[in-house]
Amino acid sequence: MRVGLYPGTFDPVTLGHVDIVRRAATLVDRLVIGVAINRDKGPLFSLEERVAMVEAECVPLGRAVGCEIVAHPFENLLIDCARDVGAGLIIRGLRAVADFEYEYQMVGMNRILDDSIETVFLMAEAEHQAIASKLVKEIARLGGDVSKFVTPAVNEALKNRMRA
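Residues numbered from 1 in each chain as written. Predicted model: local features only at pLDDT ≥ 70, side-chain atom pairs only at ≥ 80, totals over all residues. Heavy atoms only, no water.

**Let's talk about the overall build of the protein**
- Looking only at helices and strands, the protein has six helices and five strands in total.
- Counting from the amino terminus, helix and strand elements in the protein follow one another as β-α-β-α-β-α-β-α-β-α-α.
- For 164 residues, the compact-globule formula gives about 15 Å, and the C-alpha radius of gyration of the protein, at 15 Å, lands near that figure.
- Within the protein, buried positions represent 46% of all 164 residues.
- Across the protein, contacts joining residues at least 24 apart in sequence account for 75% of those joining residues at least 6 apart.
- Here the protein displays about 8700 Å² of accessible surface, and carbon together with sulfur accounts for 56% of that area.
- One finds the centroid of the 19 positive side-chain charges in the protein at a distance of 4 Å from the centroid of its 23 negative side-chain charges. (Helix = DSSP H or I, 4+ residues; strand = E, 2+ residues; numbered from the N terminus. Rg over C-alpha atoms; globule rule 2.2 N^0.38 Å. Buried < 20%, exposed > 50% of the residue type's maximum accessible area, 1.4 Å probe, protein only. Contact = heavy atoms within 4.5 Å. Areas by Shrake-Rupley, 256 points an atom, 1.4 Å probe, with all protein chains shown as cover. Lys, Arg positive; Asp, Glu negative; His and termini not counted. Charge placed at Lys NZ, Arg CZ, Asp CG, Glu CD.)

Spelled out as structure tokens, the structure:
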């Protein structure tokens, strides 16, 4: 069984994330979406809310292509998380060249830690390349329309959070 790990904070999950999940699901039999706890980033949504969003938006995509998709919270090293879930493949989404520089360094370090786990990069589709969770949150915080960047359910969750 081919197992892939797609890690991120998913705060919130965007159409860019969903695009990568949809395409990654065709490459593996089981796709684990690693939802990073990362307390340093001060997420807008709780871990439980982010896991629920990922499950609601991504699990149905797996059913459509015959791939099991699960959300898995983690707070340890990415390479350790990959080992924990039995992943032989780490899937990373790229939006721009700036992403590549950071990802290139991470791959090098991960290969030193465990060279049996490969990393695969998927470029976001052109219409999703500018989408970043950080920018989506900022637009929502300032009262802007983020409906072009997230699913209707995530858009509603953002509106509710901004009202609170």
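**Focus on the side chain of H128**
- For H128, the position within the fold is in the loop between β5 (118-123) and α5 (133-141).
- Judged by its relative accessible area of 13%, H128 falls in the buried class.
- Setting aside chain neighbours within four positions, we find H128 in contact with L15, G16 and D19.

**Examining unusual backbone geometry**
- In the segment running from D11 into P12, the intervening peptide bond is cis, with an omega of 0 degrees.
- You can see P12 is positioned in the loop between β1 (3-8) and α1 (15-24).
- Positive phi, close to 50 degrees, is recorded for F10, a residue that is not glycine.
- You can see F10 is positioned in the loop between β1 and α1.

**Re the environment of M109**
- In this fold, M109 is placed in helix α4 (residues 97-113).
- We classify M109 as exposed; its relative accessible area is 55%.

**Thoughts on the packing of aromatic side chains**
- One pass over the full model with this rule turns up three aromatic pairs.
- Between Y6 and F10, the ring centres sit 5.4 Å apart and the planes meet at 75 degrees, which makes this aromatic pair edge-to-face. One exposure class covers both Y6 and F10, and it is buried.
- Look at F100 and Y104: their rings are 5.7 Å apart centre to centre, the planes differ by 35 degrees, and that puts the pair in the tilted class. Of this pair, F100 and Y104 are both found in helix α4, four residues apart, which corresponds to roughly one turn of the helix. (Phe/Tyr/Trp six-rings, centres within 6.5 Å; stacked < 30°, edge-to-face > 60°.)

**A word on the pairing of strand β4 (residues 89-94)**
- Most of β4 sits out of view: five of its six residues are buried.
- Judged from the two bridges that link them, β1 and β4 form a sheet pairing that is parallel. Residue pairing in the sheet places L5 in a bridge with I90 of β4.
- In this structure, β4 lies alongside β5, joined through six bridges in parallel fashion. Residue pairing in the sheet places R92 in a bridge with F121 of β5. (Pairing = 2+ DSSP bridges.)

**Some remarks on the sheet that holds β1**
- Taken together, five strands build an open sheet; the order of strands is β3-β2-β1-β4-β5 and the sheet is parallel. The open sheet has two free edges, formed respectively by β3 (68-74) and β5, since each of these has just one partner strand. Here the strands of the sheet are splayed against their neighbours by 30 degrees on average, with no regard to which way each runs.
- Across the face of the sheet, helix α3 (residues 78-85) comes into contact with β1, β2 (30-36), β3 and β4 while running at roughly 145 degrees to β1.
- Running over the sheet, α4 touches β4 and β5 and is turned about 170 degrees from β4. (Axes fitted to C-alpha atoms, helices over the stretch in contact; angles between N-to-C directions.)

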